[in-house]
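# A look at the structure
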Amino acid sequence: MKETKEGKPLLDMTDRRILSFLQKDASSSVGTVAEAVGISASPCWRRIQRMKERGVIGPLTYRLDPRALNLRLTVFVAIRTGVHNAEWLKKFEEAVRDIPEIVAVHR
């Protein structure tokens, strides 16, 4: 996989079709993905592995249905700080990283 000057991976149209398909159903078999994008399974598998190695594709996760789990409440919390440096951000990240109820943090 080629890279830009900044070291980011260049993706061709086949890579983009693979990513688009996987975003809809990440549990699909390589054969299913390959058929959907019009290539054979082996090259599809190699492309997926290469994108995983480059960090384009992260770990497989599952989106849970909060209603099925009887989790009917979502809370957004805003935090204000007078400090805006990397050290404060690192400490904040460490403080909230292991709290399972926090599903996302945005800055």
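Source: prediction; values computed, not measured.

On a plain count of helices and strands, the protein comes out with 4 helices and 0 strands. Here the protein has a C-alpha radius of gyration of 19 Å; the compact-globule value for 107 residues is 13 Å, and the former is much larger. For the C-alpha atoms alone, the extent of the protein along its principal axes is close to 50 × 45 × 20 Å. Every one of the 107 residues in the protein was classed for burial, and the buried ones make up 14%. If you sum the accessible surface of the protein, you get close to 9400 Å²; carbon and sulfur atoms cover 54% of it. For the protein, the separation between the mean place of its 19 positive charges and that of its 13 negative charges on side chains is 5 Å.

Looking now at helix α1 (residues 13-24). Helix length check: α1, at 12 residues, gives a terminal C-alpha distance of 17 Å against a target of 16 Å (1.5 Å per residue), a fit within 8%. Residues T14, D15, I18, L19 and L22 constitute the buried set of α1. On an axial view of α1, the arc spanned by its buried residues comes to 135°, and they lie on one face. Residues of α1 that are exposed and point more than 90 degrees away from the buried face comprise M13, Q23 and K24. Each element contacted by the buried residues of α1 is listed here: α2 (30-37) and α3 (41-53). The N-cap residue of α1 is D12: its side-chain oxygen and the backbone nitrogen of T14 are 3.1 Å apart.

So, about a nonpolar patch on the surface. Taken together, the side chains of L60, Y62, L64, L69 and L71 define a hydrophobic patch exposed on the protein surface, amounting to about 570 Å² of accessible area. Note that L64 resides in the loop between α3 and α4 (86-96).

Okay, the environment of D25 next. Following the sequence through the fold, D25 ends up in the loop between α1 and α2. Judged by its relative accessible area of 35%, D25 falls in the partly exposed class. Distance from D25 to Y62, taken between C-alpha atoms, is 9.9 Å for residues 37 residues apart in sequence.

Calculation criteria
Residues numbered from 1 in each chain as written. Predicted model: local features only at pLDDT ≥ 70, side-chain atom pairs only at ≥ 80, totals over all residues. Heavy atoms only, no water. Helix = DSSP H or I, 4+ residues; strand = E, 2+ residues; numbered from the N terminus. Rg over C-alpha atoms; globule rule 2.2 N^0.38 Å. Buried < 20%, exposed > 50% of the residue type's maximum accessible area, 1.4 Å probe, protein only. Areas by Shrake-Rupley, 256 points an atom, 1.4 Å probe, with all protein chains shown as cover. Lys, Arg positive; Asp, Glu negative; His and termini not counted. Charge placed at Lys NZ, Arg CZ, Asp CG, Glu CD. Expected span 1.5 Å × (residues − 1). Arc of directions from axis to C-beta. Contact = heavy atoms within 4.5 Å. Polar contact = N/O pair within 3.5 Å; in protein donor to acceptor, adjacent residues only side chain to side chain. Patch = residues over 30% accessible without salt bridge, like charges linked within 9 Å, V, L, I, M, F, W, Y side chains within 5 Å. Salt bridge = Lys/Arg side-chain N within 4 Å of Asp/Glu carboxyl O.

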